[in-house]
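If you want the building blocks of each chain, they are given just below.
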Amino acid sequence: MDENRLRKIPSVDRLLGEPEALRIVDLFGRPSTVDALRLVLSQARCEVLEGAEIPPVDDLLVRTLHHLESRFAPTLQPVINATGVIIHTNLGRAPLSADTRTAIEMVNRGYSTLEYDLEGGHRGQRTMHAERWLCELTGAESALVVNNNASAVLLVLAGLALDRGVIISRGQLVEIGGGFRVPDVMVQSGAQLIEVGTTNRTHLRDYALALDGRENVAMILVAHHSNFRIMGFTAEPSIAELVTLGEEHSVPVYHDLGSGALLDTTPYGMMHEPMVQESVQAGVGLISFSGDKLLGGPQAGIIVGKAQFVDPLKRHPLARALRVDKSCLAGLQATLVHYLRGDATQKIPVWRMIAAPLAEIERRARRWRRSFRQAGLSAEVVGGMSTVGGGSLPGETIPTKVVAIGCESPNRVAEYLHAETPPIIARIEGDRLILDPRTVSSDEDPLLVQAVVRAAPGTYESGVDP
Ligand SMILES: *Cc1c(COP(=O)(O)O)cnc(C)c1O
C-alpha cells in the first residue's frame, strides 16, 4: 500500500515538463535543476512513507526553486550598515563613490591601457596609474600602489631594511586587528626590531641612544596607534623631531599612517587625524596608508615619499607579488579625482557620512520613526554616537541621532534582520535595537524601513500610541 502511494509522487521527467520547471532550468541550468528535483523528490518520498499527503506539483517546484536559490546565493553580498561605524572592516570598509564604481565597471568591460603607452604605442608601466595624482595631492616625489597597507609595510621593510635595524617605540608595537601585529610583520620582512622607550613614554633621546654607536640602522618606524589610545602620562617625539634626528644619522623616517587622511577631520568636531601631506611636509622619507580607510577608495596600500626610497621598491620582486589589478587602479584614480576637484566631501561616501549635518540625520531618523510607529513598534529618536572606525581616530565619536526600538528579544530581531535581502546590520544596546542613519545611504531608506517592519512581529515590544 505504501508502494502504491509512492507511485503517485510525480517523476523528475514529469516535473521537468512543467512550465515553471522550464523557468527554473533557465535560471539555474538543467543539471543543477535535475539534481535539486531528485533531492526534493527523495525528501517527499520519506515524508509520504511517514504518512504525509502526496505533495502537489506546485509545492515540489517551489521547494526546488528555494533549494537552488539558497544553493547559488553568494556568501559575499551587499548589506545595509545601520551600525553608525563608518569604516567597518567586517562590512567591507569604504563604500565607493558613483564615479569610482563607474570607472571600475568601465575598465572591466573590455581591454584597457593597464600596461600600454598610447603615445609611444608600446608597453607601459602599470605603476604609473594613480601615482602622478598621489604625488600631486600629497606633495610627495614618488608613489607606489600595492594590494593593501599590510603589504605596503611588508614591502617597505623587506625592500629597505632586510637584515638591518628598524627603530620603533615600545608604545607602537601594536596589533591593528585581523592578526596584523607590527612586531610580527617586522620579523616576516627580515628586518631587525630595535625597541626603544616604554609603553607610555618614549623620548627623542631614546631614539638618539639607539642610533649612536649602531651602524646598521635602516630606518626609524613610526606606526599610527590605530585603534587604541594611550592616555595620561605619555610622551612621544614629534615626526619633525624624528626627521631631524634621522637626518643627522642619514636614517630615513617611515611613517605607517594607517588611515591616510587627505582632509582635515577637525571641522567635523573630531580630533585631528594625522594627514599624509603633513608627514610629507615634515620631510618623512616614506609614508604608507590604506586606500579603503579615510581615503574612501578601493582596497589598496599606498606608499608615498622621496624617490630615493620609493623608486627601488617598484623594482623589488615582492612588488610584483603584491601588485594591484586594473579594478583597483581605475577605482583609485576616480576616487583621487574627487580630491583634485574638491568635491570629496560631497561625493566620497566616507566623507559624506562624516560631514553629514546632524539636522539631516535627525530628519531621516524621524521619518524612520514615523514608519515604525505606524507599524505598531515602540520607536524613539535619541542622541547617539557614530564612530569613524578603521583604526582611525580611536575613541573619537561624531554626535548623531539614532532610532531606538524597544524589543522583547533584540537578538532575535537582529537575526531576522540578518535574514532579510539585503541583510540589515544594527546595534543592540540593552533591550533596544539601535539604527543610525549616518551610515545608511538615503536610497536604502525604504528597504531598511520595510525590513524592520517585517522582522518578526512578536519580537518587538508592544507598540506605543503615536
Ligand atoms: C589598518 C592599518 C594597517 C593595515 O592596513 P590594511 O590596508 O588593512 O592592510 C597597517 N597599519 C596601520 C597603522 C593601520 O591602521
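Thresholds applied
- Residues numbered from 1 in each chain as written.
- Predicted model: local features only at pLDDT ≥ 70, side-chain atom pairs only at ≥ 80, totals over all residues.
- Heavy atoms only, no water.
- Near = heavy atom within 4 Å.
- Polar contact = N/O pair within 3.5 Å; in protein donor to acceptor, adjacent residues only side chain to side chain.
- Areas by Shrake-Rupley, 256 points an atom, 1.4 Å probe, with all protein chains shown as cover.
- Helix = DSSP H or I, 4+ residues; strand = E, 2+ residues; numbered from the N terminus.
- Core = buried A, V, L, I, M, F, W, Y, C linked by side-chain atoms within 4.5 Å.
- Buried < 20%, exposed > 50% of the residue type's maximum accessible area, 1.4 Å probe, protein only.
- Domains from an automatic or database assignment.
- Contact = heavy atoms within 4.5 Å.
- 1 Å grid on protein atoms, 1.4 Å probe; cavity = no way out; pocket = protein on both sides within 12 Å on 5 of 7 lines; lining within 4 Å.
- Points joined across faces, edges and corners; volume = space filled by probe spheres on them.
- Nonpolar A, V, L, I, M, F, W, Y, C, P; charged D, E, K, R; others polar.
- Salt bridge = Lys/Arg side-chain N within 4 Å of Asp/Glu carboxyl O.
- Pairing = 2+ DSSP bridges.
- Axes fitted to C-alpha atoms, helices over the stretch in contact; angles between N-to-C directions.

**Thoughts on the site of the ligand**
As a matter of local geometry, the ligand sits amid R93, N148, N149, A150, I176, F180, H224, S226, D256, G258, S290 and K293. In this structure, R93 approaches the ligand through a side-chain N or O atom, which is 2.8 Å from an oxygen atom. The side chain of S290 places a nitrogen or oxygen atom 2.7 Å from an oxygen atom of the ligand. If the ligand stood free it would expose 380 Å²; the protein chains cover 93% of that surface. Of all the elements in the fold, those that place two or more residues in the shell around the ligand are α8 (149-161) and β11 (253-258).

**With respect to the nonpolar core**
The biggest cluster of nonpolar side chains holds 57 residues, and the ones touching the most others in it are I167, I220 and V304. It is helix α15 (residues 326-341) that provides the largest number of residues to this core, a total of five residues. Lining this core are residues from two domains, each supplying at least three of them: domain 2 (80-86 + 353-455) and domain 3 (98-347). If near-sequence neighbours (up to four positions away) are discounted, V304 is found in contact with L134, T138, A140, S142, A143, V276, V280, G285, L286, I287, F289 and V310. Counting 30 residues, the second largest nonpolar core, distinct from the first, contains V146, A152, L157 and V174.

**Regarding the layout of surface pockets**
Taken as a whole, the largest pocket spans an internal volume of roughly 1200 Å³. In this structure, the largest pocket is lined by 38 residues; those nearest its centre are P95, L96, M353, S441 and E444. The set of elements that each furnish at least two residues to the lining of the largest pocket consists of β1 (80-81), α6 (98-109), α16 (344-347), α17 (349-355) and α18 (358-374). Counting residues per element, the lining of the largest pocket draws most heavily on α17, which supplies four residues. Considered class by class, the residues forming the lining of the largest pocket number 18 nonpolar, 11 polar and nine charged. The residue makeup of the lining of the largest pocket includes at least three contributed by each of domain 2 (80-86 + 353-455) and domain 3 (98-347).

**Some words on the pattern of salt bridges**
According to the stated counting rule, one finds 20 salt bridges in the structure shown. Measuring nitrogen to oxygen at the nearest pair gives 3.6 Å for the salt bridge that ties K314 to D311. Note that K314 and D311 are positioned in helix α13 (residues 307-314) at a spacing of three residues, about one turn of the helix. Between D343 and K347 there is a salt bridge whose closest N-O contact spans 3.7 Å. Overall, D343 belongs to the buried group, its relative accessible area being 11%. Each of D99, R341, D343 and K347 takes part in a single network of salt bridges with overlapping partners.

**Digging into the sheet that holds strand β10 (residues 217-223)**
Spatially, β5-β13-β12-β11-β10-β6-β9 is the arrangement adopted by the seven strands of the open sheet, whose pairing is mixed. At either end of the open sheet lies a strand with only one pairing partner, and these are β5 (142-146) and β9 (192-196). This sheet shows a mean twist of 20 degrees between the axes of neighbouring strands, independent of strand direction. Where strand β6 (residues 165-169) meets β9, five bridges bridge the pair, whose relative direction is parallel. Its bridge partner lying in β9, V166 is registered against L193. Contacts between α13 and the sheet are confined to β5, β12 (286-290) and β13 (301-305), with β5 contributing the most and set at about 35 degrees to the helix.

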